[in-house]
Structures are given as C-alpha cells and as structure tokens.
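Report on the structure
Listed here are the chains, written in short residue letters.
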Amino acid sequence: MERLPVEVIRSLKSARRCVILTGAGVSVESGIPTFRDAETGLWTDFKPEDVATPEAFERYPERVWGWYEHRRRIIAGAAPNAAHYALARLEDYYEEFCLVTQNISGLHRAAGSRNVLELHGNIWRTRCSREGKIVDYRLTIGEVKPPRCACGAYLRPDVVWFGEPLPQEELSQAYDATARCQVLLSIGTSGVVQPSASLPVLARQAEALVIEVNPETTSISAFADYTIRGKAGEIVPALVDAVLS
Ligand code: BJW
C-alpha cells in the first residue's frame, strides 16, 4: 500500500467538520461491481438507457425490474467491508460528519454509519411508478416481475435514474454539509454523474481540503489536494486508524 501522506493525516485529525462522498468503488471489496470499470463494470453488459431511465421502465418494466432483481441478489449476498466499518468508526470523531453516498445498497448503515445521505435512493425500498409514494412492499429475492401498487400501477425500485431529480432534502443537506466542511474525502467514485460530482468541486470552492481515494485517475483527481491511489478496503481503514490513534 502507498504511504499515507502526513499532511492528509494531519488535516483529517485537525478538522472538525468532515464530509465523505462514496461511490461504487467503496463496495468492490464487498463483491458489488462498479458501473464504469472496464470489463467488470455494470455498463459493460448493460446500456444505462436500457435499464436506468424512467423511459426504459415505462417501455420494458420486466427487463428493468429483472436487472434490479439481479442486483438485489448480489447485494443480499454482500456484507460491509473494512472501508465501510472504518467510516462508521470515524463518525464520532468529528463535530459535524456527513456520509454522502451514491450507492443504493444500504451497506454504510449496515456497517453502523448513522448520518448517511443516500443521494441515489435505496434498492430495498419500492415506490409507486404512478403516484411516487413509497410503498411498504416485502421484496423477495427471485421475484422477476414488477409487483403492482394498490392503485394498479407498477412498483419500481426507489432509486434515481438518469433524468430524474435527486431526493431534495438529501441533496440540500449534502450541499449544506459540503459548503461547511473543512475536509471532503471522496472514495471510489468516478465523479462523472451530476449533481453528486459537483460536491467535491463545491468543497474546493469553499476552501475545504479535498482528498481522493481511488486506484484510478478520475475527474476529481485533477483538482483534489491529495489523491491516494489504492483500494478503499486497504486505504480507508489505515487512514481512520491514523486519525483515531
Ligand atoms: C475503487 C475500487 C476500490 C474500483 N476501491 N475505488 C451536468 C452535466 C452533464 C450531465 C448532467 C448534468 N446534470 C445532470 C446531468 C445528467 C445526468 C448525468 O450526470 N449524466 C452524466 C453521466 C453525463 N444526471 C442525472 O440525470 C441525474 N439527475 C439529474 O441531474 O436531474 C436533474 C433534474 C432536476 C429536476 C427535474 C428533473 C431532473 C440523476 C443521476 C442518477 C444516476 N443513477 C445511477 C443508477 C441508479 C442507481 C443504481 O441503479 O445503482 O447511479 S448511474 C450510476 O452512476 C449510479 C451511481 O450511483 C452513479 C455514480 O457512479 P460511481 O459510484 O461513481 O461508479 P463508477 O463505476 O462510475 O466509478 C467507480 C469508481 O470506483 C472508479 O473510479 C474506480 O476506479 C473506483 N474503484 N475499485 C476504491 N477497490
């Protein structure tokens, strides 16, 4: 593993307000694929417009539901990894701490993180595709057809597809926390999907230190103060141990 920069540890230690932004990369070591990684990413086999847009669900509800059924199966068999647990340990160190995730798996909460903002929803919730309300539906693995709401319309996963607005309250809290933070740690995101990708930019504008953890160069690397190249499951626990020691 790459040596952790002393300045990064010092800054993480001395900050009082911290925002974490996570993407699919934080869950790779839990066995959940990313979207855009060459060969292993979900977008290698599926086109986003075929499975992650409201138009696709309208035209091919069974195909889209089936894709999420496939993903639920993978997530149901996954457990939080060392990075998820380390981030949960970090929460109480700060006066203000906010974990903003683009992931829909629920693994951060499963690891014990409390102040989590799920910007792209949660795969374990369903909502009515007509009325928009959350419907308390008991999902069972293996259900290949989309179930129906009491109103007759299909239920859909409560996730955010391309062209849809993000949940307003979560997004607004994420912007507020980012504008106030002294350090933003971006972990395992390519930083290409808006508006989530604007958070590190906003943090930088607000003169917070931006630190990235990612094995690859991303659009965030160009302006991050520090990039630590490596896997989240190795780097994040080491960082957190150093901060808490
Ligand atoms: C590791 C690792 C290891 C590997 N350790 N790291 C401005 C400009 C241009 C376009 C737009 C814009 N504003 C809006 C848009 C359109 C669009 C957009 O951003 N498009 C771009 C792709 C061009 N955005 C939207 O449509 C959003 N909606 C919106 O803006 O609405 C406006 C509106 C307002 C009012 C009314 C109506 C509309 C919605 C975006 C929804 C994104 N949804 C998805 C799928 C749904 C959820 C799901 O099924 O899971 O969310 S797309 C997909 O990308 C998913 C992810 O959350 C998201 C981000 O991906 P992420 O997490 O960064 O994953 P990857 O694969 O990209 O990267 C993984 C990284 O991990 C890599 O860097 C690896 O190197 C790294 N890695 N192993 C650490 N071990």
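Before going into details, it helps to say that this report is about the structure given with it.

The rules behind each value
- Residues numbered from 1 in each chain as written.
- Predicted model: local features only at pLDDT ≥ 70, side-chain atom pairs only at ≥ 80, totals over all residues.
- Heavy atoms only, no water.
- Helix = DSSP H or I, 4+ residues; strand = E, 2+ residues; numbered from the N terminus.
- Buried < 20%, exposed > 50% of the residue type's maximum accessible area, 1.4 Å probe, protein only.
- Contact = heavy atoms within 4.5 Å.
- Axes fitted to C-alpha atoms, helices over the stretch in contact; angles between N-to-C directions.
- Left-handed = near helix turned anticlockwise from the far one by under 90°.
- Nonpolar A, V, L, I, M, F, W, Y, C, P; charged D, E, K, R; others polar.
- 1 Å grid on protein atoms, 1.4 Å probe; cavity = no way out; pocket = protein on both sides within 12 Å on 5 of 7 lines; lining within 4 Å.
- Points joined across faces, edges and corners; volume = space filled by probe spheres on them.

A word on the environment of alanine 15. The topology assignment puts alanine 15 in the loop between helix 1 (6-14) and strand 1 (17-22). Alanine 15 gets classed as buried once you look at its relative accessible area, which sits at 9%. Among residues more than four places away in sequence, those in contact with alanine 15 are Tyr93, Tyr94, Gln182 and Val183.

Attention now goes to the packing of helix 8 (residues 168-180) against helix 9 (residues 198-205). Interhelical geometry of helix 8 versus helix 9 gives an angle of 30° and a closest axis separation of 8 Å. Crossing handedness for the pair helix 8 and helix 9: right-handed. Facing helix 8, whose interface residues are Ala174, Tyr175, Thr178 and Ala179, helix 9 presents Ser198, Leu199, Leu202 and Ala203. Partitioning the contact of helix 8 with helix 9 into residue classes produces six nonpolar, two polar and no charged.

Attention now moves to empty space enclosed by the protein. Rolled over the atoms, a probe with the dimensions of a water molecule shows which regions are left empty. In total, this model carries one cavity of 30 Å³ or more according to the counting rule given. There is about 50 Å³ of room inside the largest cavity. In terms of lining, the largest cavity is formed by Thr101, Asn103, Ser105, Gly106, Leu107, His108, Arg109, Val116 and Glu118. Elements represented by at least two residues in the lining of the largest cavity include exactly helix 7 (107-111) and strand 3 (116-118). Looking at which element gives the most residues to the lining of the largest cavity, the answer is helix 7, with three residues. Its residues assigned to classes, the lining of the largest cavity comprises two nonpolar, five polar and two charged.

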